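Residues per chain are reported as follows:
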Amino acid sequence: MSEPTIFERIVDGEIPAEIVHETDTVLAFLDANPLAPGHTLVIPKAPHKRLRDTPPELSADVFDAVRALTPAIENAVDADATTIGINDGPAAGQEVPHLHVHIVPRFEGDGGGPIHAIMDAGTDADSADPGEIAASIVDELE
Ligand code: 5GP
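For every chain, the first residue of the written sequence is number 1, and numbering continues from 1 onward in sequence order. Owing to the predicted nature of the model, reporting of local features is limited to residues with pLDDT of at least 70; listing and counting of side-chain atom pairs is limited to 80 or more, with chain, interface and lining totals taken over all residues. Heavy atoms throughout the structure, all of them, feed into the side-chain values; hydrogens and water do not.

**Student:** Now, about the sheet that holds strand S5 (residues 101-106): what can you tell me, with residues and values included?
**Tutor:** Here a strand pair is declared whenever DSSP counts at least two bridges between the two strands. Secondary structure follows DSSP: runs of H or I at least 4 residues long count as helices, runs of E at least 2 residues long count as strands, and numbering of each begins at the N terminus. The strand order S1-S2-S3-S5-S4 describes an open sheet built from five strands, whose pairing is antiparallel. At either margin of the open sheet sits one strand with a lone partner, and together these are strand S1 (19-22) and strand S4 (81-85). With direction set aside, neighbouring strand axes in the sheet form an average angle of 20°. By the bridge criterion, five bridges tie S4 to S5 in an arrangement that is antiparallel. Each residue of the ladder has a partner; that of Ala 81, found in S5, is Arg 106. Contact criterion: two residues are considered in contact whenever any of their non-hydrogen atoms come within 4.5 Å of each other. Between N-to-C directions, angles cover 0 to 180 degrees, with each direction set by a line fitted to C-alpha atoms, over the stretch in contact for helices. Across the sheet, helix H2 (residues 56-77) is in contact with S1, strand S2 (26-30), strand S3 (40-44), S4 and S5; its angle to S5 comes to roughly 20°.

Shown next as structure tokens:
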């Protein structure tokens, strides 16, 4: 058995957190290093690493919670909008190997960018053939 993740330890009550929502399957709590006031993490209680590892009903529970929490958080911190994201895998910046959805409240003029600001697309993205990529994705789903 691998070491429990920090998020399992929060689920188990071993590590304190500012919990804002809890169901039988899902927990939401404030991020300890918030990008903005109200920055919240929503996790399945079961320790699945990535979205693909998470059973469909459980990922639906996670996204139901995200949907309900987003306006509640915006209202609580008087935000104007929200960025919602998952670092899905280490190469995408995932540090805690336990699926978590970031809900980051956004404010007019907060200096943050859109999702497109996370990386410079560079020329590779432009030169790839979108038709071939789309066909490969369709094949993978079959
Ligand atoms: P990741 O980079 O894996 O997508 O995000 C992990 C997030 O977990 C980070 O935003 C980090 O601030 C947060 N985090 C790490 N350790 C703790 C902790 O012990 N408590 C809480 N509440 N958040 C944590």
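**Student:** Lay out the environment of Leu 35 with the relevant residues and their values.
**Tutor:** One can find Leu 35 in the loop between S2 and S3. Sequence separation between Leu 35 and Lys 49 is 14 residues; the distance between their C-alpha atoms is 22 Å.

**Student:** Quick rundown of the site of the ligand? Include the residues and the values.
**Tutor:** Throughout this document, a residue counts as near a molecule or strand when at least one of its heavy atoms sits within 4 Å of that molecule or strand. Around the ligand, the surrounding shell holds 16 residues, and the nearest of these are Asp 31, Asn 87, Glu 95, His 100 and His 102. Side-chain atoms alone can form a polar contact between residues adjacent in sequence; in general such a contact is a pair of N or O atoms within 3.5 Å, and within protein one must be able to donate a hydrogen while the other accepts it. Leu 30 is positioned with one of its backbone polar atoms (N or O) 2.9 Å from a nitrogen atom of the ligand. One of the backbone nitrogen or oxygen atoms of Ala 32 is found 3.2 Å away from a nitrogen atom of the ligand. Compared with its free state, where it exposes 520 Å², the ligand has 83% of that area covered by protein. Both site types are read off a 1 Å grid over the protein atoms alone. A 1.4 Å probe that fits but cannot get out defines a cavity, while an open set with protein on both sides within 12 Å along at least five of seven lines defines a pocket; lining residues have an atom within 4 Å of a point. A cavity or pocket is said to hold a molecule if more than half of that molecule's atoms lie within 2 Å of its grid points. Under a 2 Å grid-point criterion requiring more than half of the atoms, the pocket assigned to the ligand is the second largest pocket. Using the Shrake-Rupley algorithm and a 1.4 Å probe, accessible areas are obtained, with residue cover drawn only from the displayed protein chains.

**Student:** Let's hear about the layout of surface pockets: which residues, and what values?
**Tutor:** Of the volumes computed, that of the largest pocket is approximately 560 Å³. In this structure, the largest pocket is lined by 20 residues; those nearest its centre are Leu 35, Thr 83, Val 104, Ile 115 and Ile 118. At the level of elements, S4 and S5 are the ones that each hand at least two residues to the lining of the largest pocket. Sort the elements by how many residues they give to the lining of the largest pocket and S5 lands first, with four residues. Polarity classes work like this: nonpolar for Ala, Val, Leu, Ile, Met, Phe, Trp, Tyr, Cys and Pro, charged for Asp, Glu, Lys and Arg, and polar for all others, with Gly in that last group. A breakdown of the residues in the lining of the largest pocket according to their chemical character gives 10 nonpolar, seven polar and three charged. If you go around the second largest pocket, you meet 19 residues; those closest to its centre are Phe 7, Asp 31, Ala 32, Asn 33 and Leu 41. At the level of elements, helix H1 (6-11) and S2 are the ones that each hand at least two residues to the lining of the second largest pocket. Here the lining of the second largest pocket is composed, by residue class, of 11 nonpolar, five polar and three charged. Grid points are joined across faces, edges and corners, and a volume is the space filled by probe spheres set on the points.

**Student:** Which residues make up the pattern of salt bridges, and what are the values?
**Tutor:** Here, a salt bridge means any Lys or Arg side-chain nitrogen found within 4 Å of an Asp or Glu carboxyl oxygen. Considering all chains together, one arrives at four salt bridges under this definition. A salt bridge links Arg 9 to Glu 14, with the nearest nitrogen and oxygen atoms 2.9 Å apart.

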